[in-house]
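For reference, the chains in residue letters:
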Amino acid sequence: MLRLRSVSRVHGQGAAEVHALRTVDLAVHPGEFVAVMGPSGSGKSTLLTLAGGLDSASSGQVLVEGQELGALSRKALAAVRRRAIGYVFQDFNLIPALTAAENVSLPRELDGLSGRKARKEAVAALTEIGIADLADRFPDEMSGGQQQRVAIARALIGDRRLVLADEPTGALDSATGESVLAVLRGRCDAGAAAVMVTHEARHAAWADRVVFLRDGRLVDESAPLAAETLLTGITGGHGGAGDGTGTL
Amino acid sequence: MSIRHGLLALLEEGPRYGYQLKSEFESRTGSTWPLNVGQVYTTLGRLERDGLVRPDGEDPEGHVFYAVTDQGREELRVWFGSPVRRDNPPRDELAIKLAMAVTVPGVDVAAVAQRQRAHTIRALQDYTRLKARALAAEEGAAATDLDTESHDLAWLLVLDQLIFQAEAEVRWLDHCETRLVRHAERAAERAAARAADRPTRSPLTDPAATKKGARR
């Protein structure tokens, strides 16, 4: 579904050079929910924008459903971005002038479906996650948790099978956030794939896999460390702040 | 851990015999803290000695029922009314391990923290899976079965506690790591400052003090 092969992203040049990501490898399969954790500035958001084709890698490859994003024309990239990937943001990003059903059907109308067909799919998608009764409400008539569920339905409408979620529970209280995660979890159990950036371990724990970014490098939390790394001394094995950029 | 008060609370709902108490205690806490029947009977014996419960007849199978006394109810009221003491923290193996790791030479503290975090996150995932299941069960449960519903709620609260505690541990480990990095940076700065100081103190006797070092 999504594959990052040795992806690096460097911002700036020379002394101002910042390595946002360093040779990151990541594969996300259908039905899999992956959480990306890490302190601020660790490269979480960069990873998500690269996966979504909103930014391009300095080196390495990003593949979405087998297509290498870097090799696509601008037009083809836009098509992949719009047809294969759904986005969920911290602040929901629903269009305020449209109802829940209209928000969800919009991507399908852009896909070329008739208004009636698109609405039918939208209502089905809302039903699937238990909020069919909200179909005709406007965003400002819904709670944050309800809006976020609508956003998840919108992200996965049609053939879209990959959701990229950036702190989707960031604006929600903990019980509401949990119900949104349960919906995301349910969508993955039904075959979708999700990559979620979060800084809360409690939320990341809903995922099948929790990976950790630090200094632009990916550490898989589910892979235990080798025993010998425990006794290499603190200045030796660990990355540390000065690593790579070489400045102190 | 107050098995005493847990049993008193269960008896407040009506007389029960030992095995019933064991299974009800476990159903509310999701077998997180399993009790053996022996423990239950020992505790009942002590509660009886202290006048908090009394035997309350037997059923045809010979199960001895216990009921809470007025004094027991008062004890329970005081328990619910007072906070659980936190001023005498139980020994925490992880805190002790990290405290030792920073002082024992040759231990990679960051690796110790990282390994623990991986483990705790896996535990967090397990608890969350249990919770997802419990939430689904809660939604699917018939609204008529109030008893099951309140037991599910009790179990959910216990799970939440385990989850929040594991999360707190992960956050603490993150914090430790940041602190270690800062500490290492400061130590490096101090070492660099000392190295830079050396030539200025005795520029003439230090053979390493070449053009650069003697500048000041």
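Please read these numbers as outputs of a predicted model, since none were measured by experiment.

A. Spatial organisation of the overall build of chain B. Per the secondary structure count, chain B includes 7 helices and 3 strands. When the helices and strands of chain B are read in sequence order from the N terminus, they spell out α-β-α-α-β-β-α-α-α-α. Taking as baseline every contact in chain B between residues at least 6 positions apart, the subset at least 24 positions apart corresponds to 56%. Of the roughly 13,900 Å² of accessible surface on chain B, a fraction of 55% belongs to carbon and sulfur atoms.

B. Region of the structure containing unusual backbone geometry. Residue and element names in this part refer to chain A. Of note in the backbone geometry, Thr23 takes a positive phi value of approximately 35 degrees without being a glycine. In this structure, Thr23 sits in strand S2 (residues 18-28). Positioned with a positive phi, Glu65 is a non-glycine residue whose angle comes to about 50 degrees. On the secondary structure map, Glu65 appears in the loop between strand S4 (59-64) and strand S5 (67-68).

C. Representation of the sheet that holds strand S7 (residues 162-166) of chain A in the model. Across the sheet, 6 strands lie side by side as S6-S7-S8-S3-S9-S10 (chain A); this open sheet has mixed pairing. In this open sheet, the two edge strands, each paired with only one partner strand, are strand S6 (85-88) and strand S10 (217-220) of chain A. Direction aside, the axes of adjacent strands within the sheet are offset by 20 degrees on average. Each of S6 and S7 of chain A is contacted by helix H5 (residues 144-155) of chain A, which is oriented at about 170 degrees to S6(A), the strand it contacts most. Here helix H6 (residues 109-140) of chain B sits on the sheet and contacts strand S3 (33-37), strand S9 (209-214) and S10 of chain A; the angle it forms with S9(A), its principal contact strand, is near 145 degrees.

D. Structural context of a nonpolar patch on the surface. Residues and elements named next belong to chain B. A surface patch of nonpolar side chains, about 250 Å² in accessible area, is lined by Ile96, Met100 and Val104. Turning to its location among the elements, Ile96 is positioned in helix H5 (residues 93-101). The class of Ile96 is partly exposed, set by a relative accessible area of 38%.

E. Seen up close, helix H3 (residues 37-49) of chain B. All names here are of chain B. When the terminal C-alpha atoms of H3 are compared, their 18 Å separation across 13 residues agrees well with the 18 Å that a helix rising 1.5 Å per residue should span. Listed in full, the buried residues belonging to H3 are Val40, Thr43, Leu44 and Leu47. The arc enclosing the buried residues of H3, seen along the axis, measures out at 105 degrees, which places them on a common side. Looking at the packing, one finds that the buried side of H3 touches helix H1 (3-11), helix H2 (18-29), strand S2 (53-58) and strand S3 (64-68).

F. Inspection of the packing of H1(B) against H3(B) at higher detail. All names here are of chain B. Direction vectors running N to C along H1 and H3 enclose 80 degrees, while the axes themselves pass 10 Å from each other. By the angle between their directions, the pair H1 and H3 is classed as roughly perpendicular. Between H1 and H3, the residues in contact are Ile3, Arg4, Leu7, Leu8 and Leu11 and Gln39, Val40, Thr43, Leu44, Arg46 and Leu47, respectively. Considering only residue class, the contact of H1 with H3 consists of 7 nonpolar, 2 polar and 2 charged.

G. Local environment of the confidence of the model for chain A. Residues and elements named next belong to chain A. With 89% of its residues at a pLDDT of 70 or more, chain A has an overall mean of 85. Within chain A, strand S8 (residues 193-197) carries the highest mean pLDDT (95), whereas S10 carries the lowest (82). Taken as a whole, residues 223-248 scores under 50 in pLDDT and shows 38 contacts with residues more than four places along the chain or in a different chain.

H. Seen up close, the nonpolar core. Residue and element names in this part refer to chain A. Phe33, Val104, Leu126 and Val150 are the most contacted members of the largest nonpolar core, which has 47 residues in total. Beyond its immediate sequence surroundings of up to four residues, Phe33 is in contact with Leu181, Leu184, Arg185, Cys188, Ala194, Met196, Trp206, Ala207, Asp208 and Arg209. The next biggest cluster of nonpolar side chains, apart from the first, holds 28 residues, and it includes Leu50, Ala51, Tyr87 and Val195.

I. Seen up close, the sheet that holds S2(B). Residue and element names in this part refer to chain B. Taken together, the 3 strands give an open sheet; going across it, the order is S1-S3-S2, and neighbouring strands pair in antiparallel fashion. Looking at which strands have only one partner, the edges of the open sheet turn out to be strand S1 (16-17) and S2. Of the pairings in the sheet, the one linking S1 to S3 comprises 2 bridges and is antiparallel in character. Note on S3: the bridge partner recorded for Tyr17 is Phe65. Packing against the sheet, H1 makes contact with S1, S2 and S3, and its axis sits at approximately 95 degrees to S3.

J. Spatial organisation of the pattern of salt bridges. Residues and elements named next belong to chain A. Taken as a whole, this structure holds 31 salt bridges over all chains when the rule is applied. Taking the shortest distance from any N to any O, the salt bridge between Asp55 and Arg9 comes out at 2.9 Å. With Asp55 in the loop between helix H1 (44-51) and S4 and Arg9 in strand S1 (residues 2-11), this pair connects stretches of sequence that are 46 residues apart. For Arg9, a relative accessible area of 16% corresponds to the buried category.

K. Region of the structure containing a positive patch on the surface. All names here are of chain B. Together, Arg179, Arg182, Arg186, Arg190, Arg194 and Arg198 make up a positively charged patch on the protein surface. For Arg194, the location among the structural elements is in helix H7 (residues 146-201). Owing to a relative accessible area of 52%, Arg194 belongs among the exposed residues under this scheme.

Parameters at a glance
Residues numbered from 1 in each chain as written. Chains lettered and ligands numbered in written order. Predicted model: local features only at pLDDT ≥ 70, side-chain atom pairs only at ≥ 80, totals over all residues. Heavy atoms only, no water. Helix = DSSP H or I, 4+ residues; strand = E, 2+ residues; numbered from the N terminus. Contact = heavy atoms within 4.5 Å. Areas by Shrake-Rupley, 256 points an atom, 1.4 Å probe, with all protein chains shown as cover. Pairing = 2+ DSSP bridges. Axes fitted to C-alpha atoms, helices over the stretch in contact; angles between N-to-C directions. Patch = residues over 30% accessible without salt bridge, like charges linked within 9 Å, V, L, I, M, F, W, Y side chains within 5 Å. Salt bridge = Lys/Arg side-chain N within 4 Å of Asp/Glu carboxyl O. Buried < 20%, exposed > 50% of the residue type's maximum accessible area, 1.4 Å probe, protein only. Expected span 1.5 Å × (residues − 1). Arc of directions from axis to C-beta. Parallel < 35°, antiparallel > 145°, perpendicular 65-115°, else oblique. Nonpolar A, V, L, I, M, F, W, Y, C, P; charged D, E, K, R; others polar. pLDDT = per-residue confidence, 0-100. Core = buried A, V, L, I, M, F, W, Y, C linked by side-chain atoms within 4.5 Å. Lys, Arg positive; Asp, Glu negative; His and termini not counted. Charge placed at Lys NZ, Arg CZ, Asp CG, Glu CD.

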